[in-house]
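# An overview of the molecular structure
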Amino acid sequence: MGILGFFVLAMIVFASYAGMEGRLGRTDRRIARVERKLDLILDHLGIQQAEPELEQVVALLRDGRKIQAIKAYREFTGAGLKEAKDAVERME
């Protein structure tokens, strides 16, 4: 495989990765919108949904360890950094 073949292969891999990243980003945004809507519905109905693993996040917040709380939230939920930060700030 010559340099041209390597270049073509690299471009194909890059294009495939970029396309997949775009689709995953759109899917993540759609899921985040659905979750926000569900949260609004639960709030409107006055329903509190306690998630047991998030008790550790609340405990970290009480201790003033916000960064660790965000890390724990991400670990438990699989959320991205911004989503976790926003969620933890809502818990404060």
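Scroll up to find the structure this text is about.
Residues numbered from 1 in each chain as written. Predicted model: local features only at pLDDT ≥ 70, side-chain atom pairs only at ≥ 80, totals over all residues. Heavy atoms only, no water.

### Some details on a negative patch on the surface
- On the surface, a cluster of negative charge is made up of Asp-28, Glu-35, Asp-39, Asp-43 and Glu-83.
- A per-element tally of the negative patch places helix 1 (residues 3-45) first, with 4 residues.
- Asp-43 gets classed as exposed once you look at its relative accessible area, which sits at 54%. (Patch = residues over 30% accessible without salt bridge, like charges linked within 9 Å, V, L, I, M, F, W, Y side chains within 5 Å. Areas by Shrake-Rupley, 256 points an atom, 1.4 Å probe, with all protein chains shown as cover. Salt bridge = Lys/Arg side-chain N within 4 Å of Asp/Glu carboxyl O. Lys, Arg positive; Asp, Glu negative; His and termini not counted. Charge placed at Lys NZ, Arg CZ, Asp CG, Glu CD. Helix = DSSP H or I, 4+ residues; strand = E, 2+ residues; numbered from the N terminus. Buried < 20%, exposed > 50% of the residue type's maximum accessible area, 1.4 Å probe, protein only.)

### Looking at the pattern of salt bridges
- Tallying each qualifying case throughout the model produces 4 salt bridges.
- Put simply, Lys-66 and Glu-92 hold a salt bridge, and the shortest N to O gap is 3.7 Å. Placement of the pair is Lys-66 in helix 3 (residues 66-77) and Glu-92 in the segment after helix 4 (81-91), with a sequence separation of 26 residues.
- The exposure class assigned to Lys-66 is partly exposed, which follows from its relative accessible area of 28%.
- The salt bridge involving Lys-85 is made with Glu-89; its shortest N-O contact spans 2.7 Å. Taken as a pair, Lys-85 and Glu-89 lie in helix 4 at a separation of 4 residues, close to a single helical turn.

### Looking at helix 3
- The end-to-end C-alpha distance of helix 3 is 16 Å, a good match for the 16 Å that 12 residues give at a rise of 1.5 Å each.
- When we look at burial in helix 3, the residues that qualify are Ala-69, Ile-70, Ala-72 and Tyr-73. For helix 3, the buried positions fall inside an angular range of 165 degrees around the axis, keeping them on one side. Structural note: helix 3 exposes Ile-67, Lys-71 and Glu-75 on the side pointing more than 90 degrees away from its buried face. (Expected span 1.5 Å × (residues − 1). Arc of directions from axis to C-beta.)

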